[in-house]
Amino acid sequence: MTTLQSNQFCNTNEDPRNRPQLIRNHTDFGSVTDDILKGNDAARPPKSWWFALAISFSMMSMLGVLIGYLIVTGVGVWGNNNPVMWGYPIVNFVFWVGIGHAGTLISAILFLFRQKWRTAINRFAEAMTIFAVICAGTFPGIHVGRVWLAYWLFPIPNQMDMWPQFRSPLLWDVFAVGTYFTVSLLFWYLGMIPDLATMRDRATTKVKQIAYGVFAVGWRGSMRHWHRYERAYLLLAALATPLVLSVHSVVSFDFAVAQLPGWHTTIFPPYFVAGAIFSGFAMVMTLAIPARELWGLKNFITMRHLENMCKIILFTGSLVGFAYSMEFFIAWYSGELYESFTFINRAFGPYGWAYWIMVSCNVVTPQIFWFKKARNSIVIMFTASLFVNVGMWFERFVIVVTSLANDFLPSSWGIFEPTWVDVMTFFGSFGLFMTFFLLFIRYLPVLAIAELKAVMPAADPHGHGHSYNEMTPETDAQAALAEEDE
Amino acid sequence: MSQDTPKKLYGLAAEFTTTPGIYHAAEKVNEAGYKWFDCLVPFPVHGLDRAMGVKMTILPILVFCGGVAGFLAACVLQIFTNSLEVDLWALVPVVGYQFDVSGKPLLGAAAFVPVAFEMTVLFSALTAVFGTLFLNKLPMFYHPTLKHPALARATDDRFYLVIEACDPKFSKAEVEAFLSTLEPESIIELDA
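Residues numbered from 1 in each chain as written. Chains lettered and ligands numbered in written order. Predicted model: local features only at pLDDT ≥ 70, side-chain atom pairs only at ≥ 80, totals over all residues. Heavy atoms only, no water.

Q: Describe in detail the overall build of chain B, supporting the description with residues and values.
A: Scanning chain B from N- to C-terminus turns up 6 helices and 6 strands. Along chain B, helices and strands appear, N-terminal first, in the series β-α-β-α-α-β-β-α-α-β-α-β. A compact globule built from 192 residues should have a C-alpha radius of gyration of about 16 Å, whereas chain B, at 27 Å, is more than 25% larger. Expressed as lengths along the three principal axes of its C-alpha atoms, the size of chain B is roughly 80 × 40 × 30 Å. Of the roughly 10100 Å² that chain B leaves accessible, carbon and sulfur atoms contribute 65%. Here chain B contributes 13 positively and 20 negatively charged side chains, and the mean placements of these two sets differ by 4 Å. (Helix = DSSP H or I, 4+ residues; strand = E, 2+ residues; numbered from the N terminus. Rg over C-alpha atoms; globule rule 2.2 N^0.38 Å. Areas by Shrake-Rupley, 256 points an atom, 1.4 Å probe, with all protein chains shown as cover. Lys, Arg positive; Asp, Glu negative; His and termini not counted. Charge placed at Lys NZ, Arg CZ, Asp CG, Glu CD.)

Q: Before we move on, could you go through the domain arrangement of chain B and cite the residues and values that matter?
A: One can read the domain layout of chain B as domain 1 (9-45 + 159-191) and domain 2 (59-135). One C-alpha centre belongs to domain 1 of chain B, the other to domain 2 of chain B, and the line joining them spans 49 Å. (Domains from an automatic or database assignment.)

Q: Can you break down the side chain of Ser83 of chain B residue by residue, with the values?
A: Residue and element names in this part refer to chain B. Residue position: Ser83 is located in helix H3 (residues 59-83). Polar contacts involving the side chain of Ser83 include one to the main-chain carbonyl oxygen of Leu106, which spans 3.0 Å. Ignoring any residue separated from it by four or fewer positions in sequence, one finds Ser83 in contact with Gln78, Gln98, Leu106, Leu107 and Phe112. (Polar contact = N/O pair within 3.5 Å; in protein donor to acceptor, adjacent residues only side chain to side chain. Contact = heavy atoms within 4.5 Å.)

Q: Tell me about the packing of helix H8 (residues 223-256) of chain A against helix H4 (residues 109-135) of chain B, residues and numbers included.
A: Put simply, H8 of chain A and H4 of chain B touch, their axes get as near as 10 Å, and they point 160° apart. Considered as vectors, H8 of chain A and H4 of chain B are oriented roughly antiparallel to each other. For the pair H8 of chain A and H4 of chain B, the sense of crossing is left-handed. Between H8 of chain A and H4 of chain B, the residues in contact are Arg228, Tyr229, Ala232, Leu236, Leu239, Pro242, Leu243, Ser246 and Val250 of chain A and Pro114, Phe117, Glu118, Val121, Ser124, Ala125, Ala128, Val129, Thr132 and Leu135 of chain B, respectively. For the contact of H8 of chain A with H4 of chain B, the per-class residue count stands at 14 nonpolar, 3 polar and 2 charged. (Axes fitted to C-alpha atoms, helices over the stretch in contact; angles between N-to-C directions. Parallel < 35°, antiparallel > 145°, perpendicular 65-115°, else oblique. Left-handed = near helix turned anticlockwise from the far one by under 90°. Nonpolar A, V, L, I, M, F, W, Y, C, P; charged D, E, K, R; others polar.)

Q: A description of the interface of chain A and chain B should follow, citing residues and the corresponding values.
A: Contacts between the two partners involve 58 residues from chain A and, on the opposite side, 67 residues from chain B. Linking chain A with chain B are 0 salt bridges. Across the contact surface, chain A and chain B share 26 residue pairs in polar contact (both at pLDDT 80 or more). For the side of chain A that touches chain B, the secondary-structure elements that each account for two or more residues are helix H1 (29-41), helix H6 (169-201), helix H7 (206-215), H8 and helix H16 (449-454) of chain A. Residues belonging to the side of chain A that touches chain B are distributed by class as follows: 32 nonpolar, 14 polar and 12 charged. (Salt bridge = Lys/Arg side-chain N within 4 Å of Asp/Glu carboxyl O.)

Q: Lay out the nonpolar core in plain terms, naming residues and giving numbers.
A: Generally speaking, nonpolar side chains in soluble globular proteins are found buried as a group. Formed by 180 residues in total, the largest nonpolar core has its most connected members in Trp96, Phe124, Phe255 and Phe397 of chain A together with Leu48 and Leu161 of chain B. For this core, the element with the highest residue contribution is H8 of chain A, accounting for 16 residues. For this core, the domains that each give at least three residues are domain 1 (9-45 + 159-191) and domain 2 (59-135) of chain B. Residue contacts for Phe397 of chain A: discarding those within four places in its chain leaves Tyr88, Val91, Tyr351, Trp353, Ala354, Thr402 and Phe416 of chain A. Within the second largest apolar cluster, 14 residues are counted, among which are Trp172 and Phe175 of chain A together with Leu77 and Ala111 of chain B. (Core = buried A, V, L, I, M, F, W, Y, C linked by side-chain atoms within 4.5 Å. Buried < 20%, exposed > 50% of the residue type's maximum accessible area, 1.4 Å probe, protein only.)

Q: Let's hear about H3 of chain B: which residues, and what values?
A: Spanning 25 residues, H3 of chain B covers 35 Å between terminal C-alpha atoms, matching the ideal 36 Å at 1.5 Å per step. Among the residues making up H3 of chain B, those that are buried are Leu59, Val63, Gly66, Gly67, Gly70, Ala74, Leu77, Gln78, Thr81, Asn82 and Ser83 of chain B. Summarising the contacts, the buried residues of H3 of chain B are in contact with H6 and H8 of chain A together with strand E3 (85-88) and H4 of chain B. (Expected span 1.5 Å × (residues − 1).)

Q: Summarise the sheet that holds strand E5 (residues 159-164) of chain B; cite the residues concerned and give the values.
A: Within a sheet, adjacent strands bond to each other through the backbone by hydrogen bonds, running parallel or antiparallel. All names here are of chain B. If you trace the 4 strands from one edge of the open sheet to the other, you get E2-E5-E1-E6, paired in antiparallel fashion. Each end of this open sheet is capped by a strand with a single partner; those strands are strand E2 (37-40) and strand E6 (186-191). Each adjacent strand pair in this sheet contributes to an overall mean axis angle of 25°, direction not counted. Bridge count between strand E1 (residues 9-16) and E6: 6 bridges; the pairing is antiparallel. When the sheet's bridge partners are listed, Glu15 is paired in E6 with Ser186. (Pairing = 2+ DSSP bridges.)

Q: Before we move on, could you go through unusual backbone geometry and cite the residues and values that matter?
A: Only a minority of non-glycine residues have a phi that is not negative, and only a minority of peptide bonds are not trans. Cis peptide bonds are those with omega within 30 degrees of zero, and the linkage from Asn82 of chain A to Pro83 of chain A qualifies with 5°. Of note, Pro83 of chain A is situated in the loop between helix H2 (47-73) and helix H3 (88-99). The linkage connecting Leu138 of chain B with the following residue, Pro139 of chain B, adopts the cis geometry, with an omega of 0°. If you trace the backbone, Pro139 of chain B turns up in the loop between H4 and helix H5 (144-147).

Q: Describe the pairing of strand E4 (residues 92-95) of chain B, with residues and values.
A: Residue and element names in this part refer to chain B. Relative to E4, E3 runs antiparallel, the two being bridged by 4 bridges. By the bridge assignment, Leu88 is partnered in E4 with Val92. With antiparallel pairing between neighbouring strands as the criterion, E3 and E4 make up a hairpin whose turn holds 3 residues, including Trp89 at a positive phi of roughly 50°.

Now the structure itself:
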């Protein structure tokens, strides 16, 4: 008998033969259902949930009041003014849309790549996507000034015989973000139907039975249904993959199609997409770490999941860093006076502080994930994810504001100053986001229960050890070791 | 009242606790020639649909058609609203809302690509989701298998194979005997 080395059978081992199963401490399906839904089944949510909801809801109410103030008074309550006409609202829009990218990336692209670990985080990453896109959609909606005319964004036949301009990137945005929201919502809901049926079947009160029953549309787990359902899920993943890449590309066209130095670059679409995935994963991490703590999901969202996310953050953060340096290189290499000036001005001009916050948060911070110690430390990864969130907001601030503030003509330069309404509206949007998220983890299946069961070794109908886990069942000693590891 | 009117039988359900159990049972039921049977499972058991003899769904074809429809709709929408300039029967002028921006062509195909792409994806995705629900005949809030309290575990941790009474080969005694050869945990009678 060999003695167990402490580096063996570790959850984050690079050698898959020495890894325990994806789902920890569960061998049967029933206990998985119970364990995931224990937060939803509890008669009362924990005090910390009420506390978080109270804060989020107050912030959301503040957002509502500020939007009301904006509508009654006008866009003058914001700092947007000549020459920086796109201030905070567009920065916030791009920030939130970017965050909304991780959900569909996890649910679609990682699904196509057969990354089974995605099943533990896809549900709430998708939920996060939807809430982030709601926050994102709010900003252009109120930025139009006369919000009662926001319907002009859509091609609706009207008495003025007036149609939108289909050759404008701003209209492409309406279609891209609208489609993205719709498809993400459908993907999320379709994935949730079997789990809603699970909640319906274990509901103890009439209200719950009816509410979950209605949304479960009478799902009964028929394999004939599952057959079409799985096909639809695969097709949606295949459709959402180009979609998720297109959305931030189209958002970047808002800038790239303009002729402003610093905006008019061909690198923007891939650069924006990498940044979006980067910020999205950071936000998933920011939410996953407290959620697994609060909701007792450590058996499902394990160290290995968090480590995988760290690796993705390292990769996309480096991509973003490469894009920053490439922008600079091209600005110099093109020999364009305005382009070179814009970039030097970004780094060393009046907004230099914002530029260096961006670089240190987005490029320097993720480099810590080269070290396994950092990838396995909750404190470090949570702190790093917060830094990335901050850095990605500043990236959008740098792009939007510096280019507009100092364009071709020095006589038309100006400095952008946000007002208190700008700042508080931005914080208020976090309230909106968190309120939705907290309601989601309390009332909806927070993990994809059916999908998680399907990746357990016991789910293999052939049962002759296709899975390495069956050949090396986790012993108590190994489990204890892996536990220590966390 | 339920005692004087004898209940109609919907079918017989065999309960299994493992995935190999339901998989091999489904294979045998399919081989025995039953057509009206189904498996109620908490998650898609890999290969079970093939073991049951379920034919490939036509959903991908529907989704493709949905995508084509979305693409055409986007082209028509953009050309009709922004670029059109024809005289219907040489009399009625039909003119789109033409934006003249630095003399750029009204029918700029490249500029129409993003919206055409998005609408293709949108229509395909809508077809995929609503097509699945339609082909699965959902929403269906009433079903005999939803009525029996034991079968609630089909969404939790148990696997059920249901042979329906409407199957031409169905006779209660025979099916009961056949199901018990599959070594189920229990056999449950379902009322219609």
